[in-house]
Structures are given as structure tokens and as C-alpha cells.
Amino acid sequence: QMTREQYILATQQNSLPRTEHPQFYPVGIYGWRKRCLYFFVLLLLVTMIVNLAMTIWILKVMNFTVDGMGNLRVTKKGIRLEGISEFLLPLYVKEIHSRKDSPLVLQSDRNVTVNARNHMGQLTGQLTVGADAVEAQCKRFEVRASESGKVLFSADEDEIVIGADRLKVTGTEGAVFGHSVETPHIRAEPSQDLKLESPTRSLVMEAPRGVQVNAAAGDLKATCRKELHLQSTEGEIFLNADTIRLGNLPVGSFSSSSSSPSSSAPRQTIYELCVCPSGKLYLSPAGAGSTCQSSSNICLWS
């Protein structure tokens, strides 16, 4: 049994004095921290709204669609560009062509260069269109007809071939050739003169089966400063015309002892065309002696 003193002590320990106003500790953000948090949330919201507005504006200005962007359209056949397009970096494509009703224009402030490379990246062909010249660097350059595909012009290191039916030179000075020219036919335009000239050297025309010079409605004139050679190695040279004139030939001397000085009857002098052994031609009056250095001359006709 518990004594009275133990009971009193036990009851005194359980009945401790309690405070009338208990202390509570608040949980959360208050004061200046709360104001800073609200400010950052508001700033984030404004930034998101501005970002969304800028994105919508860019999509509207650049004309973004499900097919492409702006003038760029992605189709099954490739990429289609409409209007003027500017490329600041190299463009690598397999084929470029325009619409059927419009031309293809490549424009640059300096020059337009088109390069072709092999599988190793080495440059095999280059076409440069500049302000001063158009340059092409390749092993062979060809120009073909659009319909038949015939080669109109081709050039390589060995030769230049012109495949057109007619080569027309419209310059006032004509065509200047530094070396030989091989062609089956040379003619001038209608009502125009054809002139073959070598200002400082000789002019040679050769053919294995003959050279034919024909002037159907005009004159044929051959002029040289020193000597004119007509040579046939195996055949003959024919001068076939109604009248053949050889001007400025020297005339041989003639004196007739039988003619009377007092005779007043008109006398017609007849000349003969003679050739000396050296090949020179001269005119000699009929019946006169030879005026060549050698006495063996030949008279062609009188």
C-alpha cells in the first residue's frame, strides 16, 4: 500500500503548472522572400508570353507551313524555290532547273563559278563567268545543237573542231590564221569580194588533186610583190580564155634595111611572144633577131 507521502509526491509531479499561452512556429515564406518569389514568377510569366509572341511572329513572317519555309517548298521531286534566293555558303546539288515558263538566272556581285569534282574531291571541270571574261577549264569543251545534238564546236588540247555547216566571219579585218588552214571550200558572201592575203609572208595554196579558183560573176586577181609561181609537178597549166594579155613585157629591137625612109605608106608592126632559155618572156617584132643573151629562143605565137 502506498503511503500518504508517496501519493502526495506522485500527484504533485503529474500536476505540473501549464502555460496559458502556448508558442506556435509558423511554416512558409513571408516578408521580403515572398515578394521576391512573386516577382520572379511574374517575370517568368512575362518572358514566356513574349517568347510565345515572338515565335508566332517569326512563323508568320517566314511563312512556315507543313511543306516548307517561305519560298522554299519540299516536294516529292526535290526542293522548289520561288522568287529570288541568296546563298551565302557553298551550295551542293545534283540538278538545278527553272520552271517551264521562266528562265534560270544565276547572279553574283563578282563572278559565278560552277565546279565539277570526282569522287576523290579533285577538280575536273570549272566554268567561271566574270565581268571581264568567261573561262572554262576542262579536258574537252563542246557546244551541241539543241535539236539534233550535233557537235557545233569542240576544243581540246590537240584540235579545235567547228561542226557547223558554214563558218561566218563578220569582222572588218576578216580572219587571221597564224599557221596552216585546211578546208575544202572558201567563199565570200553574195555581192562581196573574197580576199586571201599574207601581208608579210608568202601565200601558198596546195591540194593533192588540184586547186580550183572560181569567180563566177567577177574578176580574179593575184598580186604579189616579188614573184608569182604557178607550178604543176605532174600535169599541165592551162590558160583558157578568149583573150590573154601579158602587160609590161619588154619589146625587142627591130631594124629593116629594105624599108625606104621616104615611104609614106603606113606599116603595121607584128610582134611575136618569145621565151628565153631562162624562162623570161618578151615581145619581138616578126622577122627580127633574138634579143636574149642566148640565141636559142622559142616563139610561141605571132
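Residues numbered from 1 in each chain as written. Predicted model: local features only at pLDDT ≥ 70, side-chain atom pairs only at ≥ 80, totals over all residues. Heavy atoms only, no water.

Within an unreviewed UniProt entry, the label attached to the protein chain reads Zeta-sarcoglycan, and the organism entered is Eurypyga helias. Quoted verbatim from the Sequence similarities (unreviewed entry) field of the UniProt record, the comment on the protein chain reads "Belongs to the sarcoglycan beta/delta/gamma/zeta family." (UniProt positions renumbered as here; feature names shortened; annotations may be inferred.)

## Some words on the sheet that holds strand 6 (residues 134-137)
Strand-to-strand pairing in sheets goes through backbone hydrogen bonds, with the strands running parallel or antiparallel. Pairing is antiparallel across the open sheet formed by three strands, whose spatial order is 4-5-6. Because the sheet does not close on itself, it has two edges, and the strands there are strand 4 (112-117) and strand 6. In this sheet, adjacent strand axes meet at a mean angle of 10° when their direction is disregarded. Bridge count between strand 4 and strand 5 (residues 123-129): six bridges; the pairing is antiparallel. (Pairing = 2+ DSSP bridges. Helix = DSSP H or I, 4+ residues; strand = E, 2+ residues; numbered from the N terminus. Axes fitted to C-alpha atoms, helices over the stretch in contact; angles between N-to-C directions.)

## Focus on the pattern of salt bridges
Counted by the stated rule, this structure contains five salt bridges. Among the ionic pairs, Lys-195 bridges to Glu-197, the shortest N-O distance being 3.5 Å. One exposure class covers both Lys-195 and Glu-197, and it is exposed. Residues joined in a network through salt bridges with shared partners are Arg-140, Glu-142, Arg-144 and Asp-156. (Salt bridge = Lys/Arg side-chain N within 4 Å of Asp/Glu carboxyl O. Buried < 20%, exposed > 50% of the residue type's maximum accessible area, 1.4 Å probe, protein only.)

## Structural notes on the packing of aromatic side chains
By the definition in use, this model includes two aromatic pairs. Relative to Phe-40, the ring of Phe-39 has its centre 5.8 Å away and its plane inclined at 65°; by these criteria the two rings are edge-to-face. Their ring planes at 65° and their centres at 6.4 Å tell us that Phe-141 and Phe-153 sit as a pair that is edge-to-face. Remark: Phe-153 occurs in strand 8 (residues 151-155) and Phe-141 occurs in strand 7 (residues 141-144); sequence separation between them is 12 residues. Accessibility expressed as a relative area gives 36% for Phe-141, which makes it partly exposed. (Phe/Tyr/Trp six-rings, centres within 6.5 Å; stacked < 30°, edge-to-face > 60°.)

## Let's talk about the confidence of the model for the protein chain
Residues with a pLDDT of 70 or more make up 78% of the protein chain, whose mean pLDDT is 76. Per-residue pLDDT, averaged within each element of the protein chain, yields its smallest value for strand 12 (residues 298-301) (46) and its largest for helix 2 (residues 32-61) (91). For residues 293-302, every residue scores under 50 in pLDDT, and the model assigns this stretch 21 contacts once sequence neighbours within four places are set aside. (pLDDT = per-residue confidence, 0-100. Contact = heavy atoms within 4.5 Å.)

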